[in-house]
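Summary of structural features
Residue strings, one per chain:
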Amino acid sequence: EKLLHYAESIVTTWTRARQEIAIEDEKLIPFFVGSTPSLWDSVLQDWMKFIIKEKHDIVLDAEVHGPDELAKRVQELTMDIAFVFDNPQFMDVECKEITEIPFVMISSKKDMSIEEAIKEDYILVEWGTSFSIEHARSFPGMPQPRMHVMLGRIALDYILANGGTAYMPEPMVNSLLKEQTLFLVNDAPVIQRNVYALFTKENSNMELIKLAYSYFTSEDTNV
C-alpha cells in the first residue's frame, strides 16, 4: 500500500518515456496536455485546432483526469500543461488564471421563467466546487433536480433528445442558441467560472506551454 503512490508515478513516467522514444522523427516535439472532461467539452476542442495549426511539429497527447491528478502529473513533469476550473494548489505547480467562462441557464423551451425552469425537468450538472457554491447561493431552497450528472455532455445530449433545463458553458451552446434549438432562461443569473493553466517553470517545453495558454489570453480569442 505504501508503494502504490510511487508505483503509479513510475508507471506514468515510464509511459511518457516510451511515447517520446517511439517518436522516430527527432524534429517532432511530444506535448502532453490534460484537462477535466467538462473543459474538453466546452472550450478545448477549438483550442486543439489552434495548437495543431500553430505548431505542426508537435505530437499531442490529450488526457482526461480530475484536478488533483492533473496537478500531480504536472508536478511530476509527466504532463506539460493542464487546464482546470478549480485551483488544486500543489507545491511547485504554477497556476495561471487564463480566462473566464460564462455559464448560462438554457432550456429546450422558449420564454421559460426561472421559477418554471428549476421546477420542470431541471438537470443539475457538476461543474466544480466554486460553481456549486454560486449555484446554491443563487437558488436557495430550490426543489430536488430531476437529474444530477457529472458531465455536461450527458446533460446536453439528454436535453436535446428529451427536453429540459441546465446550466451550460456559453461556448458549448452558442451555436444551438443562435439556431434556436435551445433558449436562454429569462432573467437567470450568469455564473462566471475562472479557468486556470497548471504547469511548472522547470518544464523544458516552456515556450510551447506559453503558446498553449496564449490562445485564451490573446485579445482575438473567441472564448
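A brief structural summary. Everything quoted here is computed from the prediction, not taken from an experiment.

Cut-offs and rules
Residues numbered from 1 in each chain as written. Predicted model: local features only at pLDDT ≥ 70, side-chain atom pairs only at ≥ 80, totals over all residues. Heavy atoms only, no water. Axes fitted to C-alpha atoms, helices over the stretch in contact; angles between N-to-C directions. Helix = DSSP H or I, 4+ residues; strand = E, 2+ residues; numbered from the N terminus. Parallel < 35°, antiparallel > 145°, perpendicular 65-115°, else oblique. Left-handed = near helix turned anticlockwise from the far one by under 90°. Contact = heavy atoms within 4.5 Å. Buried < 20%, exposed > 50% of the residue type's maximum accessible area, 1.4 Å probe, protein only. Arc of directions from axis to C-beta. Pairing = 2+ DSSP bridges. Salt bridge = Lys/Arg side-chain N within 4 Å of Asp/Glu carboxyl O. Phe/Tyr/Trp six-rings, centres within 6.5 Å; stacked < 30°, edge-to-face > 60°.

Overview of the packing of helix α2 (residues 37–54) against helix α8 (residues 206–217)
- Orientation of α2 relative to α8, taken along the N-to-C sense of each, is 130°, at an axis distance of 10 Å. Looking at the two axes, α2 sits oblique to α8. When the axes of α2 and α8 are compared, the crossing they make is right-handed. Along the contact surface, α2 presents Val 43, Leu 44, Asp 46, Trp 47, Phe 50, Ile 51 and Glu 54, while α8 presents Leu 211, Ala 212, Ser 214, Tyr 215 and Phe 216.

Examining the environment of Leu 77
- Its place among the elements puts Leu 77 in the loop between α3 (67–75) and β3 (81–84).
- The partly exposed category is assigned to Leu 77, whose relative accessible area is 39%.
- As a C-alpha pair, Leu 77 and Glu 202 span 125 residues in sequence and 8.4 Å in three-dimensional space.

Some points on helix α6 (residues 152–162)
- Residues Gly 152, Ala 155, Leu 156 and Ile 159 constitute the buried set of α6. Taken down its axis, α6 places every buried residue within 95° of arc, on the same side. Within α6, the exposed residues directed more than 90 degrees away from the buried face are Ala 161 and Asn 162.
- Among the residues trailing α6, Gly 163 stands out with phi positive, at a value near 90°.

Overview of the pairing of strand β4 (residues 94–107)
- Here β4 runs beside strand β9 (residues 191–199); their pairing, made up of 9 bridges, is antiparallel. Bridge assignment links Pro 102 to a residue of β9, and that residue is Gln 192.
- Bridging between β4 and strand β7 (residues 165–169) involves 5 bridges; their strand directions are antiparallel. Bridge pairing in β7 links Val 104 to Met 168.
- For β4 and strand β8 (residues 183–184), the ladder comprises 2 bridges, and the chain directions are antiparallel. Considered in β8, the bridge of Ile 106 is made with Leu 184.

What about the pattern of salt bridges?
- Counted under the stated rule, the structure contains 9 salt bridges.
- Asp 86 serves as the salt-bridge partner of Arg 193, at 3.1 Å between the closest nitrogen and oxygen. Of the two residues, Arg 193 sits in strand β9 while Asp 86 sits in the loop between β3 and β4, which places them 107 residues apart along the sequence.
- Judged by relative accessible area, Arg 193 falls into the buried class, the value being 1%.
- Since its relative accessible area comes to 23%, Asp 86 is described here as partly exposed.
- Here Glu 134 makes a salt bridge to Arg 137, at a shortest N to O gap of 2.6 Å. On the criterion of helical spacing, the pair formed by Glu 134 and Arg 137 is a turn pair, its members being 3 residues apart in helix α5 (residues 129–138).
- Taking the relative accessible area as the measure of exposure, Arg 137 reaches 55% and is therefore exposed.

Let's talk about the side chain of Ser 38
- Along the chain, Ser 38 falls in helix α2.
- The buried category is assigned to Ser 38, whose relative accessible area is 9%.
- The contacts of Ser 38, once residues within four sequence positions are left out, are Phe 85 and Trp 127.

Concerning the packing of aromatic side chains
- Across all of its chains, the model carries 11 aromatic pairs by this definition.
- Ring plane angle 65° and centroid distance 5.7 Å describe the contact between Phe 85 and Phe 103, whose orientation is recorded as edge-to-face. Taken together, the residues Phe 85 in the loop between β3 and β4 and Phe 103 in strand β4 connect sequence positions 18 residues apart. By the burial criterion, Phe 85 is buried, and Phe 103 matches it.
- Note on Phe 103 and Phe 131: the rings are 5.6 Å apart at their centroids and 50° apart in plane angle, and the pair reads as tilted. With a gap of 28 residues between them, Phe 103 in strand β4 and Phe 131 in helix α5 connect regions that are remote in the sequence. In terms of burial, Phe 103 and Phe 131 fall into one category: buried.

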